[in-house]
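# A closer look at the structure
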Amino acid sequence: MLLQTTILPPAASEMAYRWDLLFWSMTAILVTSGLAVYAAMFYFCVRYRVQEGVNDHTTAPPPRILGSHKLELVWTIIPLLVFLSFFVGGALIYDEVMHPPADAPEIFVTGKRWMWRAQYPGGQRVIIGQNSLDYSDTLANQGYFEGALVLPVNQKVRLTLISEDVIHDFAIPAFRSKIDVIPGRYVTTWYEPTQVGEYHLFCDQYCGTNHSLMVGKVRVLERAEYEKWENLEVEGSAGLEGRKLFQKLQCTGCHNVESSKAPILEGMYLQRRELNNGKTVIADEAYIRNSIRNPRLQVRAGWQAIMPAYGHDQVSEEELVKVVAYIKGLSRGKSLIRTDATPAPIGAKTEVPTAPEPK
Amino acid sequence: MSVASVNELRAVPDESPKEVRHKSYLEEGYSIWSWLFTVDHKRIGVLYLVTVFGFFLVGGIAAGLIRLNLLSPSGAILDNDTYNKVFTAHGVVMLFFFLIPSIPGILGNFFVPIMVGAKDMAFPKLNIASWYVWMIGAAFAVWGLLIGGIDTGWTLYPPYSTRSSSASVLPGALGVFISGFSSIMTGLNIIVTIHKMRAPGMTFGRLPLFIWAMYATSLIQLLGTPVVAMAVLLMIIERATGLGIFDPTMGGDPVLFQHLFWFYSHPAVYIMILPGMGVINEVITCFSRKNIFGYKAVAWSSVGIAVVGFLVWAHHMFVAGISYYAALLFSFLSMLVAVPSAIKMFNWTATLYRGKITFEAPMIFALGFMVLFTVGGLTGLYLATLGTDIHLHDTYFVVAHFHFVMVGGMVVGLLAGIHFYWPKMFGVMYSDFWSRFAAVLIIVGYALTFAPQFYLGLHGMPRRYPNYPPEMRVFNVASTAGYFVQGVGFIMVATYLILSLINGKRAGRNPWKATGIEWATESPPVLHNFEKTPVVVCGPYEYPLNVMQTGEKADVR
C-alpha cells in the first residue's frame, strides 16, 4: 500500500476506541476554534486593508481601541474551561492505562539493543526486532522465528517490561499504546486487543544505531488460532519442543514425505485408522503414545511392522508428551523434510522413493 | 564587507544640515578589530546576526540531509549511524546555537537598549563576553561534530549518552554547557538594562511589548540555564569518570536526568518562542495602525508563560515512568500554560479590527506567524492531554508540533523582526516585491514541510528513524518537497538582504511610520543611539493618534 487513506491507524484495542473518541472530540473543538480565528483574521485583513480613498491616510484614523476587559475575560475563561475538559478526558484514559487489571495473564518483555524478547506465562518465548531496512523480509518468514508479539483477541493481557541496556520504548500505534522501557526498573502496561490482524510495533525511544530496526509486528489471533500458536508453533511451546525431539530421535528418517517406509503423520489426530489386524481405532493421544512405545501392537493396514519401540531409556514420559503434542498438531503440508538439518539415521536408505502412500 | 558601501551612501548630506551629524555606529570603525573588540550593543547584535545565521545554514543543511534520506522507506542516502549523527547535529545546532541565541542575541542586543531609550546595555563588556563565550561553546560543539559526530540526539538521554554511545559526546556536551553561560549573561544584561536604564518617562506601562517579552525570556534564561548546565555537567562526569549518577547499573536513575534536562529545556522552548511573540506585537500594530488590543493582558501573558512554563516540564515524560499523580499534576499545569498563548492570539486578531492594514513583508511574516503558531499551539494540547499523549509521544506528531511552534513561530517571528528592523539596523531598504514573495514562499514551504508530519505521527511513525514502513512514503516525500520550497525562500531572503546592503534605497529614520521610540533615532543609529536622551511621553502604539513615544508625529519623517 503506497498511501494510508485514514487519518488514524487501525483501532485494534479497547483503548484505541476510547482514544479515538477523545481525539475526535478534541479535534472537533480545536479545528472549529482554529478556523474561527483564521476566519476572523482573514475577514479583518480583507475588510480593513488599505484601499485608496476608502481606507487610507486621507480617511479618518483607526479608532483608538485599547482593549476590552469583558472580551478578554471571555477568551481567557472559555479556553481555560475547554482545556481543563481535555485534561479530564485525558486523565480518564491515562488512569486506565496506568492501572492494569490484576487478573490478566502477564507477558514479560525485555528490551535490548536492538530487539525485544517476550516471555509468555506458559514458557513460550518470541524475539521481535532486527528487521531489514525496507520492512520487506522480516524474519517472521523464516520458520519458527516469529518476530511478532502474538496476542489472542478479546483477552486482556498485561505486559511487564524492562531494558537490559539503554532506554527503549514499546509502542503499538494500533493499540494507541506506548511505554518507555527503562533499565533497572519494571514498567507495566496492558492491552485488550479487539481486532484480528497484524500491526506495527516500534521502538520509540532513541537507542542508537539500529533504533529504527527495533521494530516488529503485533499479531492478534482468534482464540483457536492463538491456542494453536501457543501450543505448537512458538519457541517454548510443547509442540515445538516435540518437533525438536522428533528430529533428535530420528523419526524424520522414515516419517517424511519422501519415504516409503512409514506413513506421514499429517492431520492424523482423531482420524480413524484401519489396522492390519482388521480393527479400527481412533488416533487419539493414547494411540499416538502406544505407537511410539510399542509400535507393533497396532500396525496400520498396508504397512510393515518395522518401527522400533522407543522405551523409557530413549524418550522419557515428559518428553513423550511433547512429541505427542507435536504429532497431534501436525497439519497438512507441515511435515518435516529430511535434510542436513535433520539427518537420516546411519545406514538408512537415502535414495528418493517412488512408492505412493497407500490410501 | 558591504557595510562600507552603505556608509558611502550615508555620507551624502541629507535633510537636516543644521544639526551636527554624528557618525552612525557602522561608521565608528572599519577594521576587523573594531568589530571583534566592540562593546557597542548594536555591533554585538550584528556579530550575533552573522554567526546565528551561519549556524542556521549548518542546521538547515543537516535538515536537508534528513529530509533527503527520508525520501525512501529504506533510507535514501545515509547509513544509520550517519543519519543519527546528522539529526543530532541538526537538533544541537538549531536549538543551542540558533533558536536560543537568535532573537535575544540579534534583536535583543540591538534593540533592547534603543527601545528603553538607553545608550547601551547595562554591562557592555559582559555583553561582548557573552558572544565570545557563546563562540567558545560553539567551537566545542563544532569540534565534537567534526571529530566523529554526536549520535545521542539533542536530548542527551543517559544511559545511552553516558554508556553506550561511542561518538564524541563530551566535546558536544561541553559546548552546550559553555554556551549556556552566554545565555545567562545576555539574560542578566537585559533584565538589568530594562530595570535600570529606561529613559525618562519610559515607565513599565509604556515599554514596548517586545521588551516585556524579552524580560520574560531573560528571566527564564537566568533561572533555567543553570539547571541544564548541572544536568549536562553530571552527564559529562558520569561519562568521563564512570561515577554512577544516571546509569542504573551503577545505582543511578536515568529518569532523574530527564527531570533536570526538561526543567530547563521546556522553559527553553519559551526562550525560543516568547521573543518571537514580542516581535509580532510590534509588527501587527504598525501595519494595522492600531494600538495593541489589551496591552496589559499581552504583557502579563508573557510573564505568565515564563512563570508557569517552569512548572510543566514533566509533560515530556508522561510515558517515561513518572508517577501517576505527577503526571496528573503536570498535565493540569500544562493546560494552564496554554491559556496565555491563546490570549495573545486573540488579542493580536482583535488588534487587526478596524485597522488600516498593509501587507509589507514584516506583516506577511507576522500573519504567517499567527497562522502557523495557531497550528503549533493547538496541536500542543494533544500532547499536554495525558490520554492522547500516550499514543503521540515520540512520534512525528511531536516533531510536527514543535516545528510549527519553533520554525513556524520563532523563525518566522525572527524573519518578521529582521525585515521590520532591517532598515533601522543598516539604514537601507530591501526589495519590496521579492521580500513579500519570499515571505509567502517560506510560510507555504513550512506548512508543506510539517503538516504531513502530523499525519505520519498519528500513524505512529517514530522520531529519529532513518527508515520507515513503505506505506508512509507519500507523506514523507511531500514533507521533503516542502523543505525545498522553504529553502528557495531562504535563498531569496539572503540574496535580497545582502543586495540591499550594497545598493538598497536609503530607508530614513522611520520607513514604516512607526510610533516606537526606536524609530525616533537615525537609521542606522549613532553610537549612543540618540543624539540626546529621549523623553518618553506615551505608550509605544499610539498609531491612531499618530504620535511617537517621543511626542513627534509618526508620519513626518
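Residues numbered from 1 in each chain as written. Chains lettered and ligands numbered in written order. Predicted model: local features only at pLDDT ≥ 70, side-chain atom pairs only at ≥ 80, totals over all residues.

We now examine the packing of helix H4 (residues 80-116) of chain B against helix H7 (residues 169-196) of chain B. All names here are of chain B. Where H4 contacts H7, the two axes come as close as 10 Å, and the packing angle between them is 20 degrees. One way to sum up the angle between H4 and H7 is to call them roughly parallel. The hand of the H4/H7 crossing is left-handed. Contact residues: Val92, Phe96, Phe97, Ile100, Pro101, Pro104, Gly105, Gly108, Val112, Pro113 and Val116 in H4; Gly172, Val176, Ser179, Ser183, Thr186, Ile190, Thr193 and Ile194 in H7. Looking at the contact of H4 with H7 residue by residue, the class counts come to 12 nonpolar, 7 polar and no charged. (Axes fitted to C-alpha atoms, helices over the stretch in contact; angles between N-to-C directions. Helix = DSSP H or I, 4+ residues; strand = E, 2+ residues; numbered from the N terminus. Parallel < 35°, antiparallel > 145°, perpendicular 65-115°, else oblique. Left-handed = near helix turned anticlockwise from the far one by under 90°. Contact = placed C-beta atoms within 7 Å. Nonpolar A, V, L, I, M, F, W, Y, C, P; charged D, E, K, R; others polar.)

Turning next to the pairing of strand E4 (residues 148-152) of chain A. The side chains of a regular strand alternate, first on one face of the sheet and then on the other. Residue and element names in this part refer to chain A. Counted residue by residue, E4 has 5 buried out of 5 residues, so it is predominantly covered. In E4, alternate side chains face the same way, and those of Ala148, Val150 and Pro152 on one face and Leu149 and Leu151 on the other are all buried. Bridge count for E4 against strand E10 (residues 216-221) is 5 bridges, and the pairing is parallel. In the sheet register, Leu149 faces E10, and the bridge partner there is Val218. (Buried ≥ 20, exposed ≤ 12 C-beta atoms within 10 Å, placed from the backbone. Pairing = 2+ DSSP bridges.)

For the rest of this paragraph, the subject is the sheet that holds strand E2 (residues 115-119) of chain A. Residues and elements named next belong to chain A. The 5 strands are arranged E3-E2-E1-E5-E8 in an open sheet whose pairing can be described as mixed. The strands lining the two open edges of the sheet, one partner per strand, are strand E3 (125-129) and strand E8 (187-191). Pairs of neighbouring strands in the sheet enclose a mean axial angle of 25 degrees, with direction left out of account. As judged from the 5 bridges shared by strand E1 (residues 106-112) and E2, these two strands associate in the antiparallel manner. By the bridge assignment for E2, Lys112 is matched with Met115.

With that out of the way, let us pick up the environment of Arg239(B). Residue and element names in this part refer to chain B. Tracing the backbone through its elements, the reader meets Arg239 in helix H8 (residues 209-241). Residue class for Arg239 comes out buried when judged on the 22 C-beta atoms lying within 10 Å of it. A C-alpha to C-alpha distance of 4.4 Å links Arg239 and Thr162, two positions 77 residues apart in sequence. Aside from chain neighbours lying at most four places away, what touches Arg239 is Ser161, Thr162, Val169 and Leu170.

The predicted coordinates ought not to be read in detail in places where the model reports low pLDDT. Residue and element names in this part refer to chain B. Chain-level statistics for chain B give a pLDDT mean of 92 and a share of 96% at 70 or above. Under a pLDDT of 50 for its full length, residues 1-14 has, in the predicted model, 18 contacts with residues more than four places off or in other chains. Scoring of the predicted complex yields 0.89 for pTM and 0.92 for ipTM. (pLDDT = per-residue confidence, 0-100.)

Residue and element names in this part refer to chain A. Counting buried positions over the 6 residues of E10 gives 5, a clear majority of the element. In this structure, strand E9 (residues 197-203) lies alongside E10, joined through 5 bridges in antiparallel fashion. Residue pairing in the sheet places Gly197 in a bridge with Val220 of E10.

Quick look at the sheet that holds E10(A) now. All names here are of chain A. Taken in spatial order, the 5 strands line up as E4-E10-E9-E6-E7 in an open sheet, and their pairing is mixed. A strand with exactly one partner marks an edge of an open sheet, and here the two such strands are E4 and strand E7 (177-181). On average, adjacent strands in this sheet sit at an angle of 20 degrees to one another, irrespective of strand direction. Sheet analysis places strand E6 (residues 168-172) next to E9, joined by 2 bridges and oriented antiparallel. Looking at the pairing, Phe170 lines up with Cys203 of E9. Contacts between helix H3 (residues 223-233) and the sheet are confined to E4 and E10, with E4 contributing the most and set at about 130 degrees to the helix.

Next up on the list: the interface of chain B and chain A. Contact residues are listed per partner, giving 78 residues for chain B and 78 residues for chain A. Only H4, helix H6 (160-164), helix H9 (254-288), helix H10 (295-308), helix H11 (324-352), helix H12 (361-384), helix H13 (386-392) and helix H16 (473-503) of chain B provide two or more residues apiece to the side of chain B that touches chain A. Ranked by the residues each element gives to the side of chain B that touches chain A, the list is headed by H11(B), at 14 residues. Grouping the amino acids of the side of chain B that touches chain A by side-chain chemistry returns 44 nonpolar, 25 polar and 9 charged.

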